[in-house]
Amino acid sequence: AIGYAVERQQFGRAIAQFGLIKQKIAEMTVRCFVGDAMVYRTLGDVDRALEQVAENDLSQVLKVIEGYAVECSINKVWTSEALAFVVDEALQVYGGYGYSKEFPAERAFRDARITRIYEGTNEINRLVIPTRLLKNPALSQLWNTEQLYFAPSELSSDSRVTNARQLLSSSKQLAIYLLATAKSVYRDSLSEEQEVMGQIAEIAIDTYALESTILRTEKIFAARRGGDGDVFADIVNVYAFDAANRIGHAAVRVLAAFPEEQDTSKVRELIKSLPQEQFDTIRASRKIADSVIKAGRYHL
């Protein structure tokens, strides 16, 4: 869809002149980069796990794959909704032409809608995520740690993504504590509190997306040995800045749903620990868009 928006000369001139079009290109690029990072990370984890079992042992193979049900649900929800955003923005860039079959955004726009329905609706998958996490035997051991319920990561100390790493640490603890508290409050009726489960799922989704993006960016930094990688750092930081607001909003909604007599001091403390530093997303988005426009395609 990004390619659709920059492939014709007239749109190239429009993008160069109008900042709001650049903003759309940047936001589409961020979603494409984050989605790539999430999907390839999960596929890599599954492949490495499958290497440890015999190919002809189908029951064990299925058991390994089932172990990544949470990640698969997260990927399904996040990427299908990112796709919806990207094709909608691509159509908007074309203006009235976007509805015409002579322009490519129209077909992409129509085809994208079904992805939020098949293979389990996004609403069902949002309930699957916290339900599966509650079955994780390690959850009780993670209560006061900074480990995530997904595979732990080893991140470098590149200063360009320091705030994103701080957000990742806080959001991990917040997701775990909210889930454990919700289980303690609602007990066997937790499955009936779908709105609460959905908000916790939102935090888990953004956390996994953020960690995957940082991991991918750190690999790029390492491959370039500290060289040019600012556009990738900008993508991480733009996503982290927006994710911090979404995570905080979801956490506050869950907090408000808990009974007044419930001790929520720890949750409030974790919400306050979310990074509040200002970041110039406008300037960073312009740089991201300029990189794509110069290449004439999504190339990250």
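Keep in mind the model is a prediction, meaning the values are calculated, not measured.

Enquirer: Hey, could you go over the overall build of the chain for me, with residue numbers and the actual values?
Expert: Summing up its helical and strand segments, the chain has 12 helices and zero strands in all. Going from N to C terminus, the chain has its helices and strands arranged as α-α-α-α-α-α-α-α-α-α-α-α. Sorting the 300 residues of the chain into buried and exposed places 47% on the buried side. Total accessible area on the chain stands at roughly 15900 Å², and carbon and sulfur atoms take up 50% of it.

Enquirer: If you had to explain the pattern of salt bridges to someone new, which residues and values would you point to?
Expert: Under the defined criterion, the tally for this structure stands at 16 salt bridges. As a salt-bridge pair, Asp36 and Arg216 come within 4.0 Å of each other at their nearest N and O atoms. With Asp36 in helix α3 (residues 19-50) and Arg216 in helix α9 (residues 194-223), this pair connects stretches of sequence that are 180 residues apart. A salt bridge links Arg41 to Glu211; its shortest N-O distance comes to 2.9 Å. Of this pair, Arg41 sits in helix α3 while Glu211 sits in helix α9, placing them 170 residues apart in sequence. Judged by relative accessible area, which is 11%, Arg41 ranks as buried. The exposure class of Glu211 is buried, given its relative accessible area of 0%. Linked through salt bridges whose partners overlap, the residues forming this network are Arg41, Lys172 and Glu211.

Enquirer: I'd like a description of the side chain of Asp206, backed by residues and values.
Expert: Its location among the elements puts Asp206 in helix α9. A distance of 2.5 Å separates polar atoms of two side chains, one belonging to Asp206 and the other to Tyr239. Once residues lying within four places of it in the same chain are set aside, the contact partners of Asp206 are Tyr239, Ala243, Arg246 and Ile247.

Enquirer: So what's going on with the packing of helix α7 (residues 122-134) against α9? Residues and values would help.
Expert: The contact between α7 and α9 brings their axes to 8 Å, and the two run at 80°. With respect to α9, the axis of α7 lies roughly perpendicular. Only Gln194, Met197, Ala201, Glu202, Ala204 and Ile205 of α9 make contact with α7, whose side of the interface consists of Arg126, Leu127, Ile129, Pro130, Thr131 and Leu133.

Enquirer: Tell me about the packing of aromatic side chains, residues and numbers included.
Expert: Evaluation of the coordinates by the stated rule reveals five aromatic pairs. An angle of 70° between the planes, with centres 5.2 Å apart, marks the rings of Tyr94 and Phe103 as edge-to-face. For the pair Tyr94 and Phe103, one class covers both residues: buried. In textbook terms, an aromatic cluster arises when at least three aromatic residues are bridged by ring pairs, as seen for Tyr94, Tyr97 and Phe103. The ring of Phe221 is capped by Arg160, whose NZ or CZ atom sits 4.0 Å from the centre of that ring. Taking the ring centre of Phe33 as reference, the NZ or CZ of Arg216 above it sits at 4.0 Å.

Reading the values: rules and limits
Residues numbered from 1 in each chain as written. Predicted model: local features only at pLDDT ≥ 70, side-chain atom pairs only at ≥ 80, totals over all residues. Heavy atoms only, no water. Helix = DSSP H or I, 4+ residues; strand = E, 2+ residues; numbered from the N terminus. Buried < 20%, exposed > 50% of the residue type's maximum accessible area, 1.4 Å probe, protein only. Areas by Shrake-Rupley, 256 points an atom, 1.4 Å probe, with all protein chains shown as cover. Salt bridge = Lys/Arg side-chain N within 4 Å of Asp/Glu carboxyl O. Polar contact = N/O pair within 3.5 Å; in protein donor to acceptor, adjacent residues only side chain to side chain. Contact = heavy atoms within 4.5 Å. Axes fitted to C-alpha atoms, helices over the stretch in contact; angles between N-to-C directions. Parallel < 35°, antiparallel > 145°, perpendicular 65-115°, else oblique. Phe/Tyr/Trp six-rings, centres within 6.5 Å; stacked < 30°, edge-to-face > 60°. Lys NZ or Arg CZ within 6 Å of the ring centre and 35° of its normal.

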